[in-house]
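Chain residues, written in single-letter form:
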Amino acid sequence: MAGGPSSLSSLEDELTCSICLSIFNNPVTTPCGHNFCLSCLELTWKDDLAIGYSCPQCRHQFYAKPTLHKNTVLSSVVATVSKSLKDKSQDETKGADSTVIFCDTCMVNKASKTCLTCMVSYCDSHLRPHHENPVFQGHQLTEPLPDLQQRICKEHHKTLEFYCKDHSKCICGACLHSHLTCRFTSLDGEIAEKEKHFNEKLVTLRSQIEKTKNVIFEMKGQQSSLRDSAANRKAAFEAEYRVMKDLIEKEEREAMNLVDKEEQSAQAKIQSLMQKMIKNIEEMSSCKDQIESVLAQGQRITLLQCTVEFPQSVTFTPYAPGVNMNSKQMKMYKSSAVSLKKYLTDVLSLPVEERAQKLNAAGALSLDEPLITFGTDQTSVVAGDNTPTKKPGDGNKKSNKSGKPPKPKDPPKNTSCASKIVKPINPTEVTNRHDLLQNAAVLMLDARTAHKRIVISDNFTKASVSDELMSYPDSPVRFTVCSQVLCSKGFSKGRHYWEVKMTSSNFCAIGVASSSIERKGPTSKLGRNKESWCIEWFNVKLSAWHNQRETVLENPSSSRVGVLLDCDGGSLTFYSISDRVYPIHTYSCRFPEAVYPAFWLFSSGTSVSLCKLTA
């Protein structure tokens, strides 16, 4: 090419795929303007499907798989450069490996053949007798050999024709008498066998190198996933600590405002007393001036006739009032601040794995506040709203044949002291799936509640999204805005466990909802009201939603999720089900009425299935 070898090498660097680090093969361009091999990009998106579609170079996120088009201009440039590099490589190989062999007779012309009988290389001119003279018809001619001298037996000066396997040595015909008991083969056959053996080794080495490169590529993907996971964890922690900081800052502002009010009140009292005393001084000064004036006149008769009355203030003993700011409310603020400081100091001085236990034992967590757990850590963070705690109703014991969702019964007015008390369990400590299966529930989807985009199949155990609306009849219990569906069975007492399998954890939600949940409008979506609790996958982000409040969670990228509903203990826990059981998130709350398993599906191709469980 015009630029010479150096420019060709520089151009090769510009035409290298950043994924496989090789020259482009069928290059395509992403919407963000970066180029990759089509196969490399497809493999990357296939392996990283759990975190969505993103550019491997700039990490730009695509909410849907972009349409890729072949870069024809780049393909043409790649083809031209590849051909030039191949020709250059062949020339270099030919120049390095080819050795000019001269005729052994004239030592001037280039040899055209080598005679293995004469053990001499000849040019075309000196080779003529081998073609014309019948005497040389039995001679074996071959292409010019650079290692001709190595093919002669140093002991007998004859052509090496055999290979002794027992001694790993090339031998001639005269050497056979000393190798009669040895295993030997033809020299050419052994060379072919050796070449085959080395080629097999090359295949193994190339395969292992390729596998190792793929593993390195996967590890780079893991590094990217770890960075994203760390960013999500930081954001979650930052949000929770921000809430606590805001609460403390709000408390500080209220305390400061109270001090200001107390000071203003005390200052006003002192100012009022000072004004009264100043008025008293004026009255007493006027009386004093009057007496002094009479005395100064020196007229005794006038003095006898003069009467002066003391002002009433003369009878008061002046004193500085003991005004302070030690009101009861001020003392309570100070006491609570000192106690909170001491409590936080004690808690934060403990190892992190012991803090949650101390907080729970001290009753620091409200029963109405959801509990966020990361993996199997014992650390928990409170993030929820305070709602009135209500007792659960009796539930729906009888079967409902009216075609309408069952209405929860009113809570009992009186509770007997002899009622059976169910000891609550700690859902974050459950690690054995067998324990969960003891509470397995048999569920079916309620087609009467399904949005018209929801397709019910597999004997009412599978829900998926369709681009076409189903011909469901209109019903007051059917969701009309959000593509959601409830199960036909609800719970208000006891413990119940079910598992859900997802084909794709992308734009979907799993949770529970009361029968009183709205069926129309945006507030009917799971977690956007007081009647539903859920965990939601929105693209690659996993969040817990209840009453319009979102809590970002760590995404375990699980295709199977378990749900444990403890109505008596007041908890709803979601688990990632794999080789082990890992808690994803726990709500601690009292459900005011019976709740039904609920699902939200949005992304086309996403489906959820109720798993058949056996204890």
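Just so it is clear, the model here is predicted, and its values are computed rather than measured. (Residues numbered from 1 in each chain as written. Predicted model: local features only at pLDDT ≥ 70, side-chain atom pairs only at ≥ 80, totals over all residues. Heavy atoms only, no water.)

Engineer: Can you break down the pattern of salt bridges residue by residue, with the values?
Structural biologist: Scanning all chains against the criterion turns up 17 salt bridges. Close ionic contact of Arg-433 with Glu-499 constitutes a salt bridge, the shortest N to O distance being 2.7 Å. With a gap of 66 residues between them, Arg-433 in helix H9 (residues 433-437) and Glu-499 in strand S17 (residues 495-502) connect regions that are remote in the sequence. What makes Arg-433 partly exposed here is its relative accessible area of 29%. Salt bridges sharing common partners tie together Arg-242, Asp-246 and Glu-249. (Salt bridge = Lys/Arg side-chain N within 4 Å of Asp/Glu carboxyl O. Helix = DSSP H or I, 4+ residues; strand = E, 2+ residues; numbered from the N terminus. Buried < 20%, exposed > 50% of the residue type's maximum accessible area, 1.4 Å probe, protein only.)

Engineer: Explain helix H5 (residues 187-297) residue by residue, including any values.
Structural biologist: With 111 residues, H5 extends 159 Å between its outermost C-alpha atoms, agreeing within 8% with the 165 Å of an ideal straight helix rising 1.5 Å per residue. Within the span of H5, buried status applies to Leu-187, Glu-190, Gly-221, Ser-224, Ala-236, Glu-240, Leu-258, Glu-262, Ala-266, Cys-287 and Val-294. Following H5 by one or two positions, Gly-298 has its phi on the positive side, about 75°. (Expected span 1.5 Å × (residues − 1).)

Engineer: Quick rundown of the sheet that holds strand S21 (residues 549-553)? Include the residues and the values.
Structural biologist: Pairing within the open sheet is antiparallel, and its six strands lie in the order S16-S25-S18-S19-S20-S21. Whereas interior strands pair on both sides, the edge strands pair on one side only; in this sheet they are strand S16 (484-486) and S21. Within the sheet, the average angular offset between the axes of one strand and its neighbour, ignoring direction, is 20°. Of the pairings in the sheet, the one linking strand S19 (residues 532-538) to strand S20 (residues 541-546) comprises six bridges and is antiparallel in character. Bridging across to S20, Ile-535 finds its partner in Ala-544. (Pairing = 2+ DSSP bridges. Axes fitted to C-alpha atoms, helices over the stretch in contact; angles between N-to-C directions.)

Engineer: Mind laying out the packing of aromatic side chains, listing which residues take part and the relevant values?
Structural biologist: In total, this model carries five aromatic pairs according to the counting rule given. Centroid distance Phe-507 to Phe-538: 4.8 Å. Interplanar angle 75°. Geometry classified as edge-to-face. In this pair, Phe-507 is assigned in the loop between S17 and strand S18 (508-514) and Phe-538 in strand S19, connecting sequence segments 31 residues apart. Overall, the relative accessible area of 39% leaves Phe-538 in the partly exposed class. Aromatic rings pair up to connect Phe-507, Phe-538, Trp-600 and Phe-602 into one cluster. The ring of Phe-602 has Arg-453 sitting right over it, with the charged end atom 6.0 Å from the ring centre. (Phe/Tyr/Trp six-rings, centres within 6.5 Å; stacked < 30°, edge-to-face > 60°. Lys NZ or Arg CZ within 6 Å of the ring centre and 35° of its normal.)

Engineer: Could you give an account of the UniProt feature "coiled-coil region" (unreviewed entry) in the chain, naming the residues involved and the relevant values?
Structural biologist: Following the UniProt record, the feature "coiled-coil region" (unreviewed entry) maps to residues 234-261 here. Taken end to end, residues 234-261 comprises 100% helix and 0% strand; its first and last C-alpha atoms sit 40 Å apart. (UniProt positions renumbered as here; feature names shortened; annotations may be inferred.)

Engineer: Would you mind going over the nonpolar core in detail, with residue names and values included?
Structural biologist: Ile-510, Leu-572 and Phe-599 are the most contacted members of the largest nonpolar core, which totals 39 residues. By size, the runner-up hydrophobic cluster in this structure holds 17 residues, among which are Cys-40, Leu-68, Leu-74 and Val-78. (Core = buried A, V, L, I, M, F, W, Y, C linked by side-chain atoms within 4.5 Å.)

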